[in-house]
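# Topology and contacts: notes
Chain by chain, the residues run as shown.
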There are 2 protein chains.
Amino acid sequence: MYIAGWGHTPFGKLDDSLENLIVRAAREALAGAGLDPGDVDAIFLGQFNSGIHPLGFPSSLALQISDDLFGRPATRVENACASGSAAVHQGVASLLAGTARTVLVIGAEKMSDAPADVVGAGLLGADYESAGSTSATGFAGLFAEVAKTYSERYGDCSDTLASIAAKSHHNALANPYAHLRRDFDEEFCRTVSARNPMVADPLRRTDCSPVSDGAAALVLTTATAAPVRFLGLAHANDFLPAPKRDPLAFAATTLAWQRALELAGVTHADLSLVELHDCFTIAELNLYEALGIAERGQGARVLAEGRLHRDGDLPVNPSGGLKSKGHPVAATGVSQHVLAAMQLTGTAGEMQVPDATIAAVHNTGGLAVANYASVLTGQ
Amino acid sequence: MYIAGWGHTPFGKLDDSLENLIVRAAREALAGAGLDPGDVDAIFLGQFNSGIHPLGFPSSLALQISDDLFGRPATRVENACASGSAAVHQGVASLLAGTARTVLVIGAEKMSDAPADVVGAGLLGADYESAGSTSATGFAGLFAEVAKTYSERYGDCSDTLASIAAKSHHNALANPYAHLRRDFDEEFCRTVSARNPMVADPLRRTDCSPVSDGAAALVLTTATAAPVRFLGLAHANDFLPAPKRDPLAFAATTLAWQRALELAGVTHADLSLVELHDCFTIAELNLYEALGIAERGQGARVLAEGRLHRDGDLPVNPSGGLKSKGHPVAATGVSQHVLAAMQLTGTAGEMQVPDATIAAVHNTGGLAVANYASVLTGQ
């Protein structure tokens, strides 16, 4: 199964409506694929929403692209912050099922119209224990607990988190779609200040992805001449209640990642780059280990060796990741696939990883509850 | 593709949580299929929610059935009031894709915990023009406009709507899962009274489906020995903005219905029964015509002939339909498939249509915006 085209709006606080974001990204993807809207057999829209946007039935917004889309099957899929990859994976399933030859996949979120407390409550709606309650720190508070557990097990990780934040910000300078394009260095990220306040101890503002608007789109196809090919995909869910999960294990993330690599027949040594789900810097640190890029407790060492920077042997989040690119919830998973496709076709501009041949994408919803991995190659 | 087992909670105002509803229906479906939870390869959960329930990330609730479900891919799908069929159709796609041999499909909604204004706003979230606004009459107001347009085009339909309501209530007496089991006759349904007030002129309370809790589940399989087989499925979306749709055309519903029948190689003469989406009596009347059971403007005549009653030649909604069975939004589409499976296996109890061999299901979201049809047979 293949990717024929892609589109990506800027991420950030945008004037566009949800509908405009969807239409913009999708039209760009279709144009890139050299296809007309009428060529689309099926549409999958990833959207989280969770009360943040009043329209609770967005699937047919994608039909606003063109009147030629009348009658096409359109389905919204949701898996919290992995809703974008949920749409990608359902799109691939349609191709495999033989019910579609051309699938339009869109991930989109419009968050900046809602008051901060509504956004906070919506995001907490992805947590089994916190849904419906009020929390001043929201999901940052949940990942702060992950950071505390990490520090208890392996030693204080605050400086490592600052180092991850600085890498992310530096990478995002090269990403024209990124929400935050500021070259905050390690010293800035490490230091609690008026411009970098503590959000939920030990997570500072620079440890957290921002609330963003945005959309990304892919045209998936069975046509073998397309520029990017899926080598492997996997999806694994974990239990929702926190007591049923070790906070650092990310066990179902590991399962999805290993299965996707196995299906693709590749190892980490074969990967040119990874786009992974760094909603918080502690997520990125813990993912180095859950994905097997580093041994448990050794993430800081691998990072310090420079291997995961854009000029390292396994660049992680050369786009700036969720942390600096922004995290319009359901757009994220599709965006990760778009950025991988750009890298694999040598069209990633200043983000380009030289000679990128194989890329892996990791996207997760909740505290590693819904987990997706894709391995892609250029051709 | 086949149905191996099914489960169905009562519909109504229930004490169960959303999680309990999901677990109850799914366990019953697995037991009926003679399978263990660990046999499940993938899970699809239909849920509308739209701000009615605080948990915005329900897919992994299905893993609460058993610890053996760790790592299984679980995906929530949403297409407003057709979210249940969305889950069924995605489940079938997984089987066709070869990525699963056994799929657990669940539709569930917990509505009675939310205040009436939250439920009303959530349901209006399925309408492009009304989402985010307040309306005293909600979706009933939208379907009241359909009824007015119908009466303008074809003559006053109020008595026909009362006749449909009476048929529905009579049928639901035989349905142990039904929310409303009261034998309201045509006279009662026709007459505006303290017990049957006008909700949105010309729709009386007996013209409207109730707000319900409930869940239904199916086990889908590639195993050919299963008791029920899919003969055809189709899904077609229409545009969201009302000005882009004729209010009576239900054009994409017609498209989905005709395509499913064509794929199944059957005509209406082959159908033993139909379960269709009667969220309001005017929806059922207009669907007689949009589906081609009656010519345009002739729905009342076909109904009056008795052909659509349980002892007619094409019983419509022998379960009582959404109107009397209840309408826990995303449970509905799965419930319709469950009831069809019961009919086709001769296990529908007092609801049983004699010698039922082929059944068709129609489920729609919004004002005929997201439309699904399935044709099933016993074997």
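Residues numbered from 1 in each chain as written. Chains lettered and ligands numbered in written order. Predicted model: local features only at pLDDT ≥ 70, side-chain atom pairs only at ≥ 80, totals over all residues. Heavy atoms only, no water.

## So, the overall build of chain A
A tally of regular secondary structure across chain A gives 11 helices and 11 strands. Against the 2.2 N^0.38 benchmark of 21 Å for 379 residues, chain A shows a C-alpha radius of gyration of 19 Å, consistent with a compact globule. Counting only C-alpha atoms, chain A reaches 55 × 45 × 40 Å along its principal axes. The proportion of buried residues among the 379 residues of chain A is 66%. Residue pairs in contact within chain A that sit at least 24 positions apart in sequence constitute 76% of those at least 6 positions apart. By element, 50% of the accessible surface of chain A is carried by carbon and sulfur atoms, the whole surface being about 12000 Å². (Helix = DSSP H or I, 4+ residues; strand = E, 2+ residues; numbered from the N terminus. Rg over C-alpha atoms; globule rule 2.2 N^0.38 Å. Buried < 20%, exposed > 50% of the residue type's maximum accessible area, 1.4 Å probe, protein only. Contact = heavy atoms within 4.5 Å. Areas by Shrake-Rupley, 256 points an atom, 1.4 Å probe, with all protein chains shown as cover.)

## Focus: the pairing of strand β2 (residues 42-46) of chain A
All names here are of chain A. For β2, the tally of buried residues reaches 5 of 5 residues, placing the bulk of the element in the interior. Residues of β2 alternate between two faces, with A42, F44 and G46 on one and I43 and L45 on the opposite face, all of them buried. Note: β2 against strand β4 (residues 102-109), 5 bridges, orientation parallel. Bridge assignment links F44 to a residue of β4, and that residue is V105. Examined bridge by bridge, β2 and strand β3 (residues 74-78) share 4 bridges and lie parallel to one another. Across the sheet, the residue bridging to G46 is V77, located in β3. (Pairing = 2+ DSSP bridges.)

## Some details on the packing of helix α2 (residues 83-97) of chain A against helix α2 (residues 83-97) of chain B
Describing two packed helices takes the angle between their axes plus the distance from one axis to the other. Two elements in contact, α2 of chain A and α2 of chain B, have axes whose closest approach is 7 Å; the angle formed by their N-to-C orientations is 55 degrees. Overall, the two elements α2 of chain A and α2 of chain B adopt an arrangement that is oblique. Read as a crossing pair, α2 of chain A and α2 of chain B show a hand that is left-handed. On the side of α2 of chain A, the interface is formed by Q90, A93, L96 and A97 of chain A, while α2 of chain B contributes Q90, A93, L96 and A97 of chain B. In the contact of α2 of chain A with α2 of chain B, the residues fall into 6 nonpolar, 2 polar and no charged. (Axes fitted to C-alpha atoms, helices over the stretch in contact; angles between N-to-C directions. Parallel < 35°, antiparallel > 145°, perpendicular 65-115°, else oblique. Left-handed = near helix turned anticlockwise from the far one by under 90°. Nonpolar A, V, L, I, M, F, W, Y, C, P; charged D, E, K, R; others polar.)

## What to know about α2 of chain B
Helical periodicity: at 3.6 residues per turn, an α-helix aligns residues three or four positions apart in one direction. Residues and elements named next belong to chain B. Relative to the 21 Å expected for 15 residues at 1.5 Å per residue, α2 spans 21 Å between its end C-alpha atoms, a close match to the ideal helical length. Most of α2 sits inside the fold, with 14 of its 15 residues counted as buried. Directly beyond the C-terminal end of α2, a positive phi value near 80 degrees is found at G98. (Expected span 1.5 Å × (residues − 1).)

## Examining the packing of aromatic side chains
If you walk through the whole model with that rule in mind, you get 10 aromatic pairs over all chains. With centroids separated by 6.2 Å and ring planes inclined at 40 degrees, the aromatic side chains of F70 of chain A and F239 of chain B adopt a geometry described as tilted. Placement of the pair is F70 of chain A in the loop between β2 and β3 and F239 of chain B in the loop between β8 (228-237) and α7 (251-264), with the two residues belonging to separate chains. For F239 of chain B, a relative accessible area of 6% translates into the label buried. Members of the aromatic cluster, joined through ring pairs, are F139, F143 and F280 of chain A. Of note, K244 of chain A hangs over the ring of F239 of chain A, and the distance from its end group to the ring centre comes to 4.3 Å. (Phe/Tyr/Trp six-rings, centres within 6.5 Å; stacked < 30°, edge-to-face > 60°. Lys NZ or Arg CZ within 6 Å of the ring centre and 35° of its normal.)

## Description of the relation of the copies chain B and chain A
The second copy of the chain is related to the first by a rotation about an axis and a shift along the axis. In screw terms, the move from chain B to chain A is a rotation of 180 degrees and a rise of 0.0 Å along the axis, fitting with an RMSD of 0.0 Å. Overall, the copies show the geometry of a two-fold rotation axis. Minimal C-alpha separation from the rotation axis in chain B is found for A97 of chain B, amounting to 1.8 Å. Interface overlap between copies: 100% of the residues of chain B at the interface are likewise at the interface in chain A, consistent with a symmetric, same-surface contact. (Least-squares fit on C-alpha atoms with pLDDT ≥ 70 in both.)

## A few points about the side chain of T102 of chain B
Residues and elements named next belong to chain B. One can find T102 in strand β4 (residues 102-109). Residue classification places T102 among the buried positions, given a relative accessible area of 10%. Here T102 is in contact with L35, D39, V40, D41, A42, L95, V219 and L220, once residues within four sequence places are set aside.

## Side note on the confidence of the model for chain A
Confidence in the prediction for chain A averages 97 pLDDT; 100% of positions are at 70 or higher. In the model output, the complex is listed with pTM 0.98 alongside ipTM 0.98. (pLDDT = per-residue confidence, 0-100.)

## Observations concerning the pattern of salt bridges
Residues and elements named next belong to chain A. Counting across every chain of the model gives 28 salt bridges over all chains. A salt bridge links K148 to E145, with the shortest nitrogen-to-oxygen separation between them at 3.2 Å. Here E145 and K148 lie together in helix α4 (residues 138-154), a separation of 3 residues that amounts to about one turn. We classify K148 as partly exposed; its relative accessible area is 34%. For E145, a relative accessible area of 44% translates into the label partly exposed. (Salt bridge = Lys/Arg side-chain N within 4 Å of Asp/Glu carboxyl O.)

## Topic: unusual backbone geometry
Residue and element names in this part refer to chain A. The omega angle of the peptide bond from D201 to P202 is 10 degrees, so this bond is cis rather than trans. Notably, F250 is not glycine yet its phi reads approximately 50 degrees, a positive angle. Within the fold, F250 resides in the loop between β8 (228-237) and α7 (251-264). Even without being glycine, N317 reaches a positive phi, approximately 55 degrees. Counting through the fold element by element, N317 comes out in the loop between α9 (299-304) and α10 (321-325).

## Describing the packing of helix α4 (residues 138-154) of chain B against helix α8 (residues 281-290) of chain B
Residues and elements named next belong to chain B. Two numbers describe how α4 lies on α8: the axes approach to 9 Å, and their chain directions differ by 50 degrees. The angle between the axes of α4 and α8 places the two elements in the oblique class. Taken as a pair, α4 and α8 cross one another with a handedness that is left-handed. From α4, F143, V146, A147, Y150 and Y154 reach across to α8, where they touch I282, A283, L285, N286 and E289. Partitioned by chemical class, the residues of the contact of α4 with α8 number 8 nonpolar, 1 polar and 1 charged.

## Notes on the interface of chain B and chain A
Contacts between chain B and chain A engage 55 residues on the former and 55 residues on the latter. The contact between chain B and chain A buries some 4200 Å² in all, and 59% of this surface belongs to carbon and sulfur atoms. Area buried by chain B at its contact with chain A is led by F57, F70 and F239 of chain B, which between them contribute 17% of it. Our count for the contact surface shared by chain B and chain A stands at 4 salt bridges. Residue E78 of chain B is joined to R76 of chain A by a salt bridge in which the shortest nitrogen-to-oxygen separation is 3.2 Å. Taken together, the connections running from chain B to chain A amount to 26 residue pairs in polar contact (both at pLDDT 80 or more). (Buried area = accessible area lost by both parts, 1.4 Å probe. Polar contact = N/O pair within 3.5 Å; in protein donor to acceptor, adjacent residues only side chain to side chain.)

## Details of the environment of P37 of chain B
With respect to the helices and strands, the residue P37 of chain B is situated in the loop between α1 (18-33) and β2 (42-46). With 88 residues separating them along the chain, P37 of chain B and G125 of chain B place their C-alpha atoms 34 Å apart.

## Notes on the pairing of strand β10 (residues 358-365) of chain B
All names here are of chain B. Counted residue by residue, β10 has 8 buried out of 8 residues, so it is predominantly covered. Here β10 shows a buried face lined by I358, A360, H362 and T364 and a second buried face lined by A359, V361, N363 and G365. Where strand β9 (residues 273-275) and β10 come together, 3 bridges link them in parallel fashion. When the sheet's bridge partners are listed, E275 is paired in β10 with V361. Once β10 ends, the chain turns through 4 residues before running back antiparallel as strand β11 (residues 370-378), passing G366 with a positive phi of about 70 degrees.

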